[in-house]
Amino acid sequence: MSVAEALPESMLIGDLHFEVRESPRRATVGITVDRDGSLQLHAPAGCPPDALAAWAYSKRIWVYRKLAEKDLLLSAQRLKEFVTGEGFSYLGRSHRLLVADADAVRMERGRLVMPRSEVSSGTADAALIQWYRARGRHWLPSRLERWADRMALTPTGLDVRDLGYRWGSLSGNGRLNIHWATLQLPPSLIDYVLVHELAHIQNSQHTPAFWATVERAMPDYDRRKSDLLAAGAGLWLG
């Protein structure tokens, strides 16, 4: 009996560089184009490297198109300054920053108050990220519960954390993770992220069955998905 050739950690397909992710949970191959433009090639365990490379090569036009879309969107991102008057979004609404003598980041009469001490010490970004995380842990559970009940899918827990360039993820133990930056989005788009991740409880891959689960819960998911792609380009990511 021949031993299956192991998949490499990465592959160069033409001029495209892919990180290879092998999983026994997968039954088919797939490609993920992350928001930062990095590429992942997903494969089931035991997939022959030559067959995986040939399949990825056949998808290169689709990958180029996705990369072009993300280049346009990522170019819209800009840095934020921690000065009075700078705008930061929360639940889809822009709030002006007020740098003041305060003991913690807080929302006050529509202004986002930032302690002067955090700005002077260079920790304002970390303080604001912690504020978003705290708000998410307070605001998200009831929102998640509504969708979980509708879909009859229950995660084992919920956490708000930095997920790099992913809006959400589902841990192997069924725990739902949401990026703190989603708290800048309108509630309707946060709902799409929640529904998307809940659907992964039943379907780990983006199969037709997965999208059918999403559509049953959210018939207009395709529009929200497109809106999320556009809105994500303007969010502050720390």
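Just above sits the structure.
Quick caveat, the model's predicted, so the values are computed rather than measured.

### Side note on the packing of helix H5 (residues 187-202) against helix H6 (residues 208-217)
Think of two packed helices as two axes; the pair is described by the angle between the axes and how far apart they sit. H6 packs onto H5 with a crossing angle of 135° between their chain directions and a minimal axis gap of 9 Å. It follows from the interaxial angle that H5 and H6 lie oblique. Considering the relative orientation of H5 and H6, their crossing is right-handed. Between H5 and H6, the residues in contact are Tyr192, Val195, His196, Ala199, His200 and Gln202 and Phe210, Trp211, Thr213, Val214 and Ala217, respectively. For the contact of H5 with H6, the per-class residue count stands at seven nonpolar, four polar and no charged.

### Side note on the layout of surface pockets
Approximately 2000 Å³ is the volume found for the largest pocket. What lines the largest pocket is a set of 49 residues, and nearest its centre among them are Thr32, Asp34, His196, His200 and His206. Mapped onto the lining of the largest pocket, the elements with two or more residues apiece are strand S2 (16-23), strand S3 (30-33), strand S4 (39-44), helix H2 (60-74), strand S10 (168-170), H5, H6 and helix H7 (221-232).

### Looking at unusual backbone geometry
Within the chain, Leu91 stands out as a residue other than glycine whose phi angle is a positive 50°. Inspection of the secondary structure puts Leu91 in the loop between strand S5 (87-90) and strand S6 (93-100). Among the residues examined, Leu91 registers a relative accessible area of 19% and is labelled buried. At Arg109, a residue that is not glycine, the phi angle is positive and equals roughly 50°. Within the element layout of this structure, Arg109 appears in the loop between strand S7 (106-108) and strand S8 (111-115).

Calculation criteria
- Residues numbered from 1 in each chain as written.
- Predicted model: local features only at pLDDT ≥ 70, side-chain atom pairs only at ≥ 80, totals over all residues.
- Heavy atoms only, no water.
- Axes fitted to C-alpha atoms, helices over the stretch in contact; angles between N-to-C directions.
- Helix = DSSP H or I, 4+ residues; strand = E, 2+ residues; numbered from the N terminus.
- Parallel < 35°, antiparallel > 145°, perpendicular 65-115°, else oblique.
- Left-handed = near helix turned anticlockwise from the far one by under 90°.
- Contact = heavy atoms within 4.5 Å.
- Nonpolar A, V, L, I, M, F, W, Y, C, P; charged D, E, K, R; others polar.
- 1 Å grid on protein atoms, 1.4 Å probe; cavity = no way out; pocket = protein on both sides within 12 Å on 5 of 7 lines; lining within 4 Å.
- Points joined across faces, edges and corners; volume = space filled by probe spheres on them.
- Buried < 20%, exposed > 50% of the residue type's maximum accessible area, 1.4 Å probe, protein only.

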